[in-house]
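Reading the structure
Listed below, chain by chain, are the residues.
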Amino acid sequence: MNDTREQLTRQIIDAGRFLYGRGWSPATSSNYSARLSTGRALLTVSGKHKGQLGVDDVLETDLAGNSLEPGKKPSAETLLHTQLYAWRPEIGAVLHTHSVNATVLSRLTPGDCLELEDYELQKAFAGVTTHEGRVSVPIFDNDQDIARLAARVQPWLDAHPECPGYLIRGHGLYTWGLRMSDALRQVEAFEFLFECELKVMTLRGGAR
Ligand SMILES: CSC[C@@H](O)[C@@H](O)C(=O)COP(=O)(O)O
Ligand SMILES: [Zn+2]
């Protein structure tokens, strides 16, 4: 049976407490969502403190990014969530975070893709069964026009259906999963790997 709106709301609130506590959603940044049904999602209201979310701090949207609760202001980045639900029907949760490591690494990485290779923890990503493959994490330039940014993300998703997430330069991470627990596991995996990459860069004396 599908989770109820109450259960999904609780999952979003709990995710916020965890992600804020880890320092990955500071200063009201970040947004989180869960799929409610085939055509609807539950998403954080804009501008809320993500460690202190309450049951009224989420709202329903359709998959075109339209709020279905006019009294509440939807996340500025609603479209980046709903495009994922529209893209793949099995996606059940989407998390966007703003960690220091994601922000710094996305600025230091030359080119438009971070390549993760030879890390055992790559197996925390859905569908990855060995450290021997390569996980490509695209980096899109930041844009305050979210519809334009979503339009740049979509072709990459379509060409890389196995993609576990992407970075926005100087901004943060988007990742997703079948359930909230899967999306949270991927945030943790990305954060571990970002920290490893930054340590390697530091010890080697600069960006690769
Ligand atoms: C507080 S700066 C971060 C925002 O500009 C944005 O990137 C963000 O992640 C949160 O936006 P929101 O509208 O609250 O969902
Ligand atoms: Zn953001």
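Residues numbered from 1 in each chain as written. Chains lettered and ligands numbered in written order. Predicted model: local features only at pLDDT ≥ 70, side-chain atom pairs only at ≥ 80, totals over all residues. Heavy atoms only, no water.

Going by what an unreviewed UniProt entry lists, the chain is known as Methylthioribulose-1-phosphate dehydratase and is assigned to Pseudomonas triclosanedens. The Sequence similarities (unreviewed entry) comment attached to the chain in UniProt states, word for word, "Belongs to the aldolase class II family. MtnB subfamily." (UniProt positions renumbered as here; feature names shortened; annotations may be inferred.)

It is worth spelling out the sheet that holds strand S8 (residues 172-177) at this point. What the eight strands build is an open sheet, ordered S3-S2-S1-S4-S8-S7-S6-S5; its pairing is mixed. Two strands bound the open sheet, and with one partner strand each, they are strand S3 (58-62) and strand S5 (113-117). Adjacent strand axes in the sheet meet at a mean angle of 20 degrees, parallel and antiparallel pairs treated alike. Direction of pairing for strand S7 (residues 165-168) relative to S8: antiparallel, over a ladder of four bridges. Note on S8: the bridge partner recorded for Tyr166 is Tyr174. (Pairing = 2+ DSSP bridges. Helix = DSSP H or I, 4+ residues; strand = E, 2+ residues; numbered from the N terminus. Axes fitted to C-alpha atoms, helices over the stretch in contact; angles between N-to-C directions.)

Of the positions making up helix H3 (residues 100-108), those classed as buried are Asn101, Ala102, Thr103, Leu105 and Ser106. Here the buried face of H3 lies against S5, strand S6 (134-140), S7 and helix H5 (180-204). (Buried < 20%, exposed > 50% of the residue type's maximum accessible area, 1.4 Å probe, protein only. Contact = heavy atoms within 4.5 Å.)

This next bit is on the site of ligand 1. As a structural note, the neighbourhood of ligand 1 is formed by 14 residues, with Ser46, Gly47, Ser75, Ala76 and Glu77 the closest of them. Within the side chain of Ser75, a nitrogen or oxygen atom sits 2.6 Å from an oxygen atom of ligand 1. Between ligand 1 and the protein, one listed contact pairs an oxygen atom with a side-chain N or O atom of Glu77 at 2.6 Å. In terms of residue class, the shell around ligand 1 is made up of two nonpolar, ten polar and two charged. (Near = heavy atom within 4 Å. Polar contact = N/O pair within 3.5 Å; in protein donor to acceptor, adjacent residues only side chain to side chain. Nonpolar A, V, L, I, M, F, W, Y, C, P; charged D, E, K, R; others polar.)

Our next topic: the pattern of salt bridges. This structure, assessed with the given rule, holds 17 salt bridges. As a salt-bridge pair, Glu60 and Arg5 come within 2.9 Å of each other at their nearest N and O atoms. Here the residue Glu60 occupies a position in strand S3, and Arg5 occupies one in helix H1 (residues 5-21), the gap between them amounting to 55 residues. Glu60 sits in the buried class, given a relative accessible area of 15%. A residue is classified by how much of its surface remains accessible, and Arg5, at 26% relative accessible area, is partly exposed. Measuring nitrogen to oxygen at the nearest pair gives 3.9 Å for the salt bridge that ties Arg134 to Glu115. Taken together, the positions of Arg134 in strand S6 and Glu115 in strand S5 put the pair 19 residues apart, joining distant regions of the chain. Relative accessible area serves as the criterion here: at 52%, Arg134 is assigned to the exposed category. On the basis of relative accessible area, Glu115 is assigned to the partly exposed category, the value being 24%. (Salt bridge = Lys/Arg side-chain N within 4 Å of Asp/Glu carboxyl O.)

Attention now moves to the UniProt feature "domain: Class II aldolase/adducin N-terminal" (unreviewed entry) in the chain. Per the UniProt record, the feature "domain: Class II aldolase/adducin N-terminal" (unreviewed entry) sits at residues 10-198. This span, residues 10-198, is 34% helix and 23% strand, and a straight line between its end C-alpha atoms measures 33 Å.

Of all residues in the chain, 99% have pLDDT values of 70 or greater, and the mean over the chain is 97. The lowest-confidence element of the chain is H5, averaging 97 in pLDDT; the highest-confidence one is strand S4 (residues 93-97), averaging 99. Model confidence for the complex is summarised by a pTM of 0.97, with the ipTM given as 0.98. (pLDDT = per-residue confidence, 0-100.)

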